[in-house]
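# Observations on chain architecture
Listed below are the residues making up each chain.
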Amino acid sequence: MTLHKYTLGLCTIGILSIACSSDDTNTMPSSETGVTAPTTYSFERNGSSSVSFGGQTTRIAMAEVLASALVNTTATKEQLNGIFNHQEGVADFEDETLNASNKSIKSKVAASKDFFATNQAVSADIKEQFDTWIAAQVDEVFPKWDSPAVAGTPGKIQEGGSNGSNRYVNANGLEYNQIVAKGLIGGLMTDQTLNNYLGKTVLDGDGNREDNDAGIVAEGKSYTNMEHKWDEAYGYVYGASADAANPNTTIGKDDNFLNKYIGRVENDSDFTGIAAEIYNAFKLGRAAIVAKDYAVRDAQAAIIRQKISEIIAIRAIYYLQQGKNTLDKETKDYATAFHDLSEGYGFIYSLQFTRKPSTKAPFFSTTEVTDLLEQLTKEENGLWNVTPATLDDISETIASKFDFTVAQAGS
């Protein structure tokens, strides 16, 4: 049995080529940095696009299928595990291009070179945590799908009003499907972007820097390995975009992961401009690689790390505050509050994959993240009895690592 068709549209699995203008014409030196970014993320070599991130587009598509399948009560653990840990040629998807792929979600969760190459035990624990959440959705929530949820009992809760959406929660009021989806924003997209492909270990390793200096391209390709690694980071942010060379025209609308929440934060007047900062840093960093200016490249990587880390933290606080505001009302709408707090849980979990610029450390360690999540669910029956004070305390702890306030992020 296959689950949920996800259409890739204009994106081609394997290699995504973007109609481009020349590296030479788009990266003329400037007086400020020595490098000029192109108007769009468009680069060519010898008349062919040198931009490729098909693997990232594939994994985003697989993650979309997983998120949908987690609310399909006909799905079995075996089917969900197949989507999460796909093996080439197995019919885990309705889309045959995904079935034929040798990519999987699980293989790239908590798999960055900078954070997990020497922390394999932690990586394994994180992968196992996703397995546990997926299994619990089937074992705990699916059997109670049509039963009313109450404190200590899984089931269904309807948001306020007769036409409100149904939310399906565990005994503590948490939506596993939301935790998995938001956890992947950190464990897959953010970790691979900030801690793998933008890291010097990957960009410069295996002779990549020497090859880039010499203009040596990967065998049978139009890009150097360093160019490709940078593009792969770009792909985890923009790989599902309608126009991948100029993605901010539809930012927030192209997938349900990192791209979506860059768009959400961009639409908050307190943070308007953050989408352009991220995109412009990607463009200039790629142009710097072409120009062999690695100081400029690394400065752009630092900007991307800071801003994407901010996206994760802002949305964690936002959902905690939205949940608090809903629970503060005289008539409590538990379904709406639990939905927000479950999303907040996933974003808090994702904080361990953020990255302080110019360091190899996250803004919050795995231990600190575990402590925050324990605070969120420490009361009897978890979210059913969480207090506004607890939600404020967690929010303040997160904001303290950044240059914005809880009021700014929470509105």
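In what follows, the accompanying structure is described. These figures come from a predicted structure and were not determined experimentally.

So, about the overall build of the protein chain. Secondary structure assignment for the protein chain yields 17 helices and four strands. In terms of overall size, the protein chain behaves like a compact globule, its C-alpha atoms giving a radius of gyration of 21 Å where 411 residues would be expected to give roughly 22 Å. Taking the principal axes of the C-alpha coordinates as reference, the protein chain spans close to 65 × 50 × 40 Å. Across the 411 residues of the protein chain, 57% fall into the buried class. The positive charge centre, built from 35 side chains, and the negative charge centre, built from 54, are 2 Å apart in the protein chain.

The next point concerns unusual backbone geometry. For Asp206, which is not glycine, the phi dihedral falls at a positive 55°. The phi torsion at Ser358 lies on the positive side, around 65°, for a residue other than glycine. Topologically, Ser358 is positioned in the loop between α14 (334-350) and α15 (366-376).

Counting residues in each nonpolar core, the largest one holds 119 residues, and the members touching the most others are Leu66, Leu184, Phe282, Ile348 and Ile398. With 14 residues, the top contributor of residues to this core is helix α13 (residues 294-327). What Phe282 contacts, discounting residues up to four positions off in sequence, is Tyr41, Thr193, Leu198, Trp230, Ala233, Tyr234, Val237, Tyr238 and Ile304.

What follows is about the packing of aromatic side chains. Under the criterion given, the structure shown has 27 aromatic pairs. With a centroid separation of 3.6 Å and an interplanar angle of 10°, the aromatic rings of Tyr41 and Tyr234 are classed as stacked. Note that Tyr41 is positioned in the loop between α1 (23-26) and β1 (44-45) and Tyr234 in helix α10 (residues 225-238), a separation of 193 residues in sequence. Of the residues examined, Tyr234 reaches a relative accessible area of 0% and is grouped as buried. Pairing Tyr318 with Tyr319 gives two aromatic rings, centres 5.2 Å apart and planes at 80°, and the pair type is edge-to-face. Residue Tyr319 is classed as buried on the basis of its relative accessible area, which comes to 4%. One aromatic cluster in this structure is built from Tyr41, Phe43, Phe53, Trp230, Tyr234, Tyr238, Tyr279 and Phe282. Sitting above the plane of the Tyr318 ring, Arg315 keeps its charged end 4.2 Å from the centroid. The ring of Phe364 carries Lys401 above its face, with NZ or CZ at 3.9 Å from the centroid.

With that settled, the discussion passes to the pattern of salt bridges. Using the criterion set out here, one finds 17 salt bridges in the structure. The salt bridge partner of Arg45 is Glu227, with a shortest N-O separation of 2.9 Å. With Arg45 in strand β1 and Glu227 in helix α10, the pair connects residues that are 182 residues apart, well separated along the chain. Residue class for Glu227 comes out buried when judged on its relative accessible area of 0%. We note a salt bridge from Glu368 to Lys401, for which the minimum N-O separation is 3.8 Å. With Glu368 in helix α15 and Lys401 in the loop between α16 (388-399) and α17 (406-410), this pair connects stretches of sequence that are 33 residues apart. Assessed through its relative accessible area of 35%, Glu368 is described here as partly exposed. A relative accessible area of 32% places Lys401 in the partly exposed class. Each of the salt bridges in this network shares a partner with another, and the network as a whole consists of Lys200, Asp204, Arg209, Arg297 and Asp298.

Taken N-terminus to C-terminus, the directions of helix α2 (residues 54-69) and helix α3 (residues 77-84) make an angle of 160°; their axes are 9 Å apart at the nearest point. One finds that α2 runs roughly antiparallel with respect to α3. For α2 against α3, the interelement crossing comes out left-handed. Judged by residue contacts, Met62, Val65, Leu66 and Ala69 of α2 engage Leu80, Ile83 and Phe84 from α3. Classifying every residue of the contact of α2 with α3 gives seven nonpolar, no polar and no charged.

Calculation rules
Residues numbered from 1 in each chain as written. Predicted model: local features only at pLDDT ≥ 70, side-chain atom pairs only at ≥ 80, totals over all residues. Heavy atoms only, no water. Helix = DSSP H or I, 4+ residues; strand = E, 2+ residues; numbered from the N terminus. Rg over C-alpha atoms; globule rule 2.2 N^0.38 Å. Buried < 20%, exposed > 50% of the residue type's maximum accessible area, 1.4 Å probe, protein only. Lys, Arg positive; Asp, Glu negative; His and termini not counted. Charge placed at Lys NZ, Arg CZ, Asp CG, Glu CD. Core = buried A, V, L, I, M, F, W, Y, C linked by side-chain atoms within 4.5 Å. Contact = heavy atoms within 4.5 Å. Phe/Tyr/Trp six-rings, centres within 6.5 Å; stacked < 30°, edge-to-face > 60°. Lys NZ or Arg CZ within 6 Å of the ring centre and 35° of its normal. Salt bridge = Lys/Arg side-chain N within 4 Å of Asp/Glu carboxyl O. Axes fitted to C-alpha atoms, helices over the stretch in contact; angles between N-to-C directions. Parallel < 35°, antiparallel > 145°, perpendicular 65-115°, else oblique. Left-handed = near helix turned anticlockwise from the far one by under 90°. Nonpolar A, V, L, I, M, F, W, Y, C, P; charged D, E, K, R; others polar.

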